[in-house]
Amino acid sequence: MKVRLEARSGLGVIVIDHPPVNAISADVVAQLGQALDAWEARTELAALVIACDGRTFAAGGDIAGFDRPDFSPAPFNGILARIEAQARPVVAALHGSVLGGGFELALACHGRVAADGTRFGFPEVQLGLLPGSLGTQRLPRLVGPELALDLISSGRTLGSAAALAAGIVDRVVPDALAGAIALGEEWVRTHCSLRRLSVVRIAPDEKLSRRLEAAAAEACDRQPSNPAAVAIVRAVQASLLPFAEGEAIEASLFEALRTSPQSQSLRHLFFARRSTWKIPGLSRDIRHRELHSIGVLGAGTMGRGIAMNFLNAGLPTRLVDASQAALDTAVSIIRSLYEASAAKGRISGTEVAARMALLHTDLGDAALADCDLVVEAVYEDFALKQRVCERLGALCRPDAIIATNTSTLDVDRLAAATGRPRDVVGMHFFSPAHVMKLLEVVRGRETAHDVLATVMALARRIGKTAVVSGVCYGFIGNRMAEVYMREAEFLLMEGASPAQVDAAVEALGMAMGPCRMLDLAGVDVGARTVIEYAKSGGLPPDASYRALVRALYESGRHGQKTGAGYYRYEGRTALPDPETERISIELAARHGIARRPAIDEREIVERLLYPMINEGAKILEEGIACRGSDIDVVWTAGYGFPAQRGGPLFMADSIGLHEVAQRLQHYAKARGNPHGYWTTSPLLDKLSVEGRRISSCERPR
Ligand code: 3HC
Ligand code: NAI
């Protein structure tokens, strides 16, 4: 049973027990109905308390249930109406995270008592939804439409003290259940009149109506691709109407959002982000290695950002570099970043001092001998990294973990160089490493289970979105980015402009098109990677491959930092540059690439995204990614892929795998399929024929 009725001190207590977060599923709704039947029959019980077992009060409606075609909030709304209509007092006993449908359940009660530390909020907006069980109608009647709109639109949570101040809860106590029973008894004793929010009318107010209308206009303007933003304002506006009218408006807005592609994508990502922590074959009970101190070797761009992650988490960190100047620069940049955070009020001055006190720098690597985990972040040069790994293997304690931040090199070969490959793992941070959420955790052929589990737990501790990848060139993200960049460059050589290429994918919601992205990341960084990869024999034997990035690099156009790359820059403003066009024309002539007067947007989008989706399918079938949804997490967390499209594989499912496969075949014919660039992956073909989805596909075993 997920819901039960108990009798305690002459009161009834309905308890929801549906781990892990008491999500309100269809079963819970049905059983709540049965528990209410039982309570209504027990007329000797003077009042009712609604509480939850476990770590939290209900943290929302069951998000998985929203995918059911026949989902409707009506049954739950009916339960809420029954609760509110009770003649005997009903009090909610709240603890943990009172979110979404859980908050709506609490609002239907006559009173609310919260334990210290309880948090309240409506996170539905993050799922592209609005509260669909009358949260948009009852909350404005309790705290006023403007605070309600702020809370529902932002999805932010309030702590128990703020909830008390806003009148959301009646009392905050150490023990919510005892407090709710006490309040129920008190109301019975005093014959307190019961507050039913649905009968409250919000006084008409011209100024308020104008402010709400302005909020709707602003939501349209600022978030045109987010239908939830404006729907939330419309629903809150409807709270000024009689309750039944508002209820109907909320229901129709909710249904439109629930079935929208944006919300379906965001719901996919909700579960996708939580799945990345589940690693096939790795027991949850595995004992982790202890991490008390961290070493970072290489204090350049990445090393100093990586170190900040550990300092932020309170871990003593030794930063080591061969150059004193690099160490001095790193310390000064880290300090100034912390001071800037303090100036913005994000951390206190004491916190700045505490974090800096955890940072130690050294010129000699002997200082790493005592660290529990060392991340190497020296230049991306195989011979150098091999030497460094050899040295770390000999130097580090036998139980220490050795991690490499390489973006492209073979982690298995680096692991072998340490002489203790079981202790080695890749930790591929993204730049800037103290800001970017994504961390690819690269599992080598011999990485020990406890090493992987320890590093995943560390990733959680430092607030990263971690995804496990197998070993291959570029891991999950950069391997897919490579084909994306390949096609971007061919399109430029064929006659498209950087602005046209960027605009086509930015219109889909990509944070930045490929040309602007590489200009920002550094054309030199991109080109050097391609050159290194070519040396290792990994690139197709084709001089036209990524010829443009190499030519830009050789002509000193390293991107924004040198004032020119694919674009030329005035400050940070990217402007078209005839020099890029000249270089593209010259390369096209040299490599026999036909220029075309016009390339349409459809072709640009398909040529950038479909090979990337195809590469994702190969990554999945090779077992590099554990599941399709992991690939979506990598691209939405690390590469600016729009969350409202769910990631490249979810987008492929939305388009239809059959259509994607057909268009790949079309380009294979149209472009002659050099080096098998357009050959569809067997997995993509198989799923397309079977009518299955790739974003929910687990790695074939
Ligand atoms: N529905 C279904 N499953 C849920 C869920 C929900 N609302 N909330 C959490 N879960 C699941 C997670 O998928 C995860 O499952 P797993 O263990 O199998 O991976 C498990 O519960 C634990 O979740 P977390 O890993 O996120 O646990 P944390 O302790 O880190 O966080 C939390 C707990 C703060 C409650 C967090 O889970 C959370 O924010 N949940 C989402 C809350 C939410 O969005 N609520 C609104 C839902 S929409 C709604 O209510 C509409 C209504 O108006 C009709
Ligand atoms: P960087 O050039 O900024 O810094 C490298 C640092 O390593 C320098 O300070 C150098 O003095 C130091 N170093 C070199 N050899 C050393 C040695 N033997 N002992 C001690 N210190 C040594 O390089 P960056 O950009 O920080 O890259 C480092 C690593 O991070 C590379 O593997 C790179 O591929 C990876 N990476 C880089 C990203 C980026 O955007 N820059 C993104 C993700 C990963």
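What counts as what
- Residues numbered from 1 in each chain as written.
- Chains lettered and ligands numbered in written order.
- Predicted model: local features only at pLDDT ≥ 70, side-chain atom pairs only at ≥ 80, totals over all residues.
- Heavy atoms only, no water.
- Helix = DSSP H or I, 4+ residues; strand = E, 2+ residues; numbered from the N terminus.
- Rg over C-alpha atoms; globule rule 2.2 N^0.38 Å.
- Buried < 20%, exposed > 50% of the residue type's maximum accessible area, 1.4 Å probe, protein only.
- Contact = heavy atoms within 4.5 Å.
- Areas by Shrake-Rupley, 256 points an atom, 1.4 Å probe, with all protein chains shown as cover.
- Lys, Arg positive; Asp, Glu negative; His and termini not counted.
- Charge placed at Lys NZ, Arg CZ, Asp CG, Glu CD.
- Near = heavy atom within 4 Å.
- Polar contact = N/O pair within 3.5 Å; in protein donor to acceptor, adjacent residues only side chain to side chain.
- Right-handed = clockwise from strand over helix to strand, strands pointing away.
- Pairing = 2+ DSSP bridges.
- Core = buried A, V, L, I, M, F, W, Y, C linked by side-chain atoms within 4.5 Å.
- Nonpolar A, V, L, I, M, F, W, Y, C, P; charged D, E, K, R; others polar.
- Axes fitted to C-alpha atoms, helices over the stretch in contact; angles between N-to-C directions.
- Domains from an automatic or database assignment.
- Buried area = accessible area lost by both parts, 1.4 Å probe.
- Salt bridge = Lys/Arg side-chain N within 4 Å of Asp/Glu carboxyl O.
- Disulfide = S-S within 2.5 Å.

Trainee: Quick question: what am I supposed to make of the overall build of the chain here?
Mentor: Within the chain, the secondary structure is distributed over 28 helices and 19 strands. The C-alpha radius of gyration of the chain comes to 29 Å, within 12% of the 27 Å expected for a compact globule of 701 residues. Along the first, second and third principal axes, the C-alpha set of the chain runs to 90 × 60 × 50 Å. Per-residue burial over the chain gives 55% buried out of 701 residues. When contacts within the chain are restricted to residue pairs at least 6 apart in sequence, those whose partners lie at least 24 apart make up 72%. Accessible area of the chain: about 28500 Å², with a carbon and sulfur share of 53%. The centroid of the 78 positive side-chain charges in the chain is displaced by 1 Å from the centroid of its 80 negative side-chain charges.

Trainee: Looking at this model, I keep getting lost on the site of ligand 1. Mind explaining?
Mentor: If you check the shell around ligand 1, you find 25 residues, and the closest are Arg 55, Gly 61, Glu 104, Arg 274 and Lys 278. The side chain of Glu 104 places a nitrogen or oxygen atom 2.8 Å from an oxygen atom of ligand 1. Between ligand 1 and Glu 124 there is a distance of 2.8 Å, counted from an oxygen atom to a side-chain nitrogen or oxygen. Breaking the shell around ligand 1 down by element, the ones donating at least two residues are strand S5 (97-99), helix H3 (100-108) and helix H11 (261-275).

Trainee: What is the right way to look at the pairing of strand S4 (residues 90-94) in this model?
Mentor: In summary, the side chains of a regular strand alternate between the two faces of the sheet. With five of five residues buried, S4 is to be regarded as a mostly interior element. Side chains Val 90, Ala 92 and Leu 94 project from S4 onto one buried face, and the interleaved Val 91 and Ala 93 project onto a second face that is buried too. The parallel pair strand S3 (residues 48-52) and S4, bridged by helix H2 (residues 74-85), forms a crossover whose chirality is right-handed. Pairing analysis gives four bridges linking S4 to strand S6 (residues 111-115), with the strands arranged parallel. Counted as the bridge partner of Val 91 is Gly 111 from S6.

Trainee: What is the right way to read the side chain of Asn 22 from this model?
Mentor: Within the secondary structure, Asn 22 sits in the loop between strand S2 (11-16) and helix H1 (26-41). Polar contacts involving the side chain of Asn 22 include one to the main-chain amide nitrogen of His 18, which spans 2.6 Å. For Asn 22, the side chain forms a polar contact with the main-chain oxygen of Thr 56, separated by 2.7 Å. If we ignore the near neighbours within four places in the chain, the residues touching Asn 22 are Ile 16, Asp 17, Cys 52, Asp 53, Thr 56, Phe 57, Ala 58, Ala 59 and Gly 60.

Trainee: Please clarify how the nonpolar core should be interpreted in this entry.
Mentor: In summary, soluble globular proteins display a tendency toward joint burial of nonpolar side chains. Core analysis: the biggest nonpolar cluster contains 79 residues, and Ile 476, Tyr 566, Leu 609 and Trp 635 have the highest contact counts within it. Once residues lying within four places of it in the same chain are set aside, the contact partners of Trp 635 are Ile 476, Gly 477, Met 480, Ala 481, Met 510, Met 612, Gly 640, Phe 641 and Pro 648. By size, the runner-up hydrophobic cluster in this structure holds 67 residues, among which are Ile 24, Leu 36, Phe 66 and Ala 231.

Trainee: Would you take a moment to explain the site of ligand 2 for this structure?
Mentor: Taken together, 22 residues are adjacent to ligand 2, and Met 302, Asp 321, Glu 380, Lys 385 and Ser 407 come closest. A distance of 3.4 Å separates an oxygen atom of ligand 2 from a polar backbone atom of Val 378. Side-chain polar atom of Ser 407 to an oxygen atom of ligand 2: 2.7 Å apart, as the coordinates give it. Contact with the protein chains hides 78% of the accessible area of ligand 2, taken as 830 Å² for the molecule alone. Elements represented by at least two residues in the shell around ligand 2 include exactly helix H12 (301-312), helix H15 (382-395) and strand S15 (424-429). If one sorts the elements of the shell around ligand 2 by residue count, H15 sits on top with three residues. Broken down by class, the residue content of the shell around ligand 2 amounts to eleven nonpolar, eight polar and three charged.

Trainee: Looking at this structure, how should I read unusual backbone geometry?
Mentor: As a rule of thumb, non-glycine residues mostly have phi less than zero, and peptide bonds are mostly trans rather than cis. The omega torsion across Pro 19 and Pro 20 is 0°, close enough to zero to call that bond cis. If you trace the backbone, Pro 20 turns up in the loop between S2 and H1. Going from Ser 431 to Pro 432, the amide bond is cis rather than trans, its omega being -5°. Looking at where Pro 432 falls in the secondary structure, it is placed in the loop between S15 and strand S16 (438-442). Although it is not a glycine, Asn 22 adopts a positive phi angle of roughly 55°.

Trainee: Sorry if this is basic, but what is going on with the sheet that holds strand S7 (residues 119-121) here?
Mentor: Strands belonging to one sheet form pairs held by backbone hydrogen bonds; the direction of such a pair is parallel or antiparallel. Strand order in the open sheet formed by three strands is S5-S7-S8, with mixed pairing between adjacent strands. In this open sheet, the two strands that pair with only one neighbour each are S5 and strand S8 (157-159). Put simply, the sheet's adjacent strands are angled 20° from each other on average, direction ignored. Summarising the sheet, S7 and S8 pair through three bridges and their orientation is antiparallel. Looking at S8, one finds that Phe 120 is bridged to Leu 158. In this fold H3 packs onto S5 and S7, with an angle of close to 85° to the strand it touches most, S5.

Trainee: Can you help me understand the domain arrangement of the chain in this one?
Mentor: On domain assignment, one finds that the chain holds domain 1 (3-259), domain 2 (294-469), domain 3 (476-597) and domain 4 (600-701). Inter-centroid distance (C-alpha atoms) of domain 3 to domain 4 is 22 Å. Between domain 3 and domain 4, the buried area comes to about 2800 Å², and carbon and sulfur atoms account for 67% of it. Where domain 3 packs against domain 4, one counts six salt bridges. Close ionic contact of Glu 622 with Arg 479 constitutes a salt bridge, the shortest N to O distance being 2.9 Å. Between the two partners, domain 3 and domain 4, sit ten residue pairs in polar contact (both at pLDDT 80 or more). Every element with two or more residues in the side of domain 3 that touches domain 4 is listed here: helix H18 (477-494) and helix H19 (498-506). Among the elements that make up the side of domain 3 that touches domain 4, the one with the highest residue count is H18 (13 residues).

Trainee: Teacher, can you tell me more about the state of the cysteines here?
Mentor: What we call a disulfide is simply a covalent bond connecting the sulfur atoms of a pair of cysteines. Summed over the entire model, instances satisfying the criterion amount to zero disulfides. We note that Cys 109 lacks a disulfide partner, and the nearest cysteine sulfur, in Cys 52, lies 10 Å from it. Of the residues examined, Cys 109 reaches a relative accessible area of 1% and is grouped as buried. The thiol of Cys 626 is not disulfide-bonded; the next cysteine sulfur, from Cys 697, is found 12 Å away. Classification of Cys 626 as buried rests on a relative accessible area of 3%.

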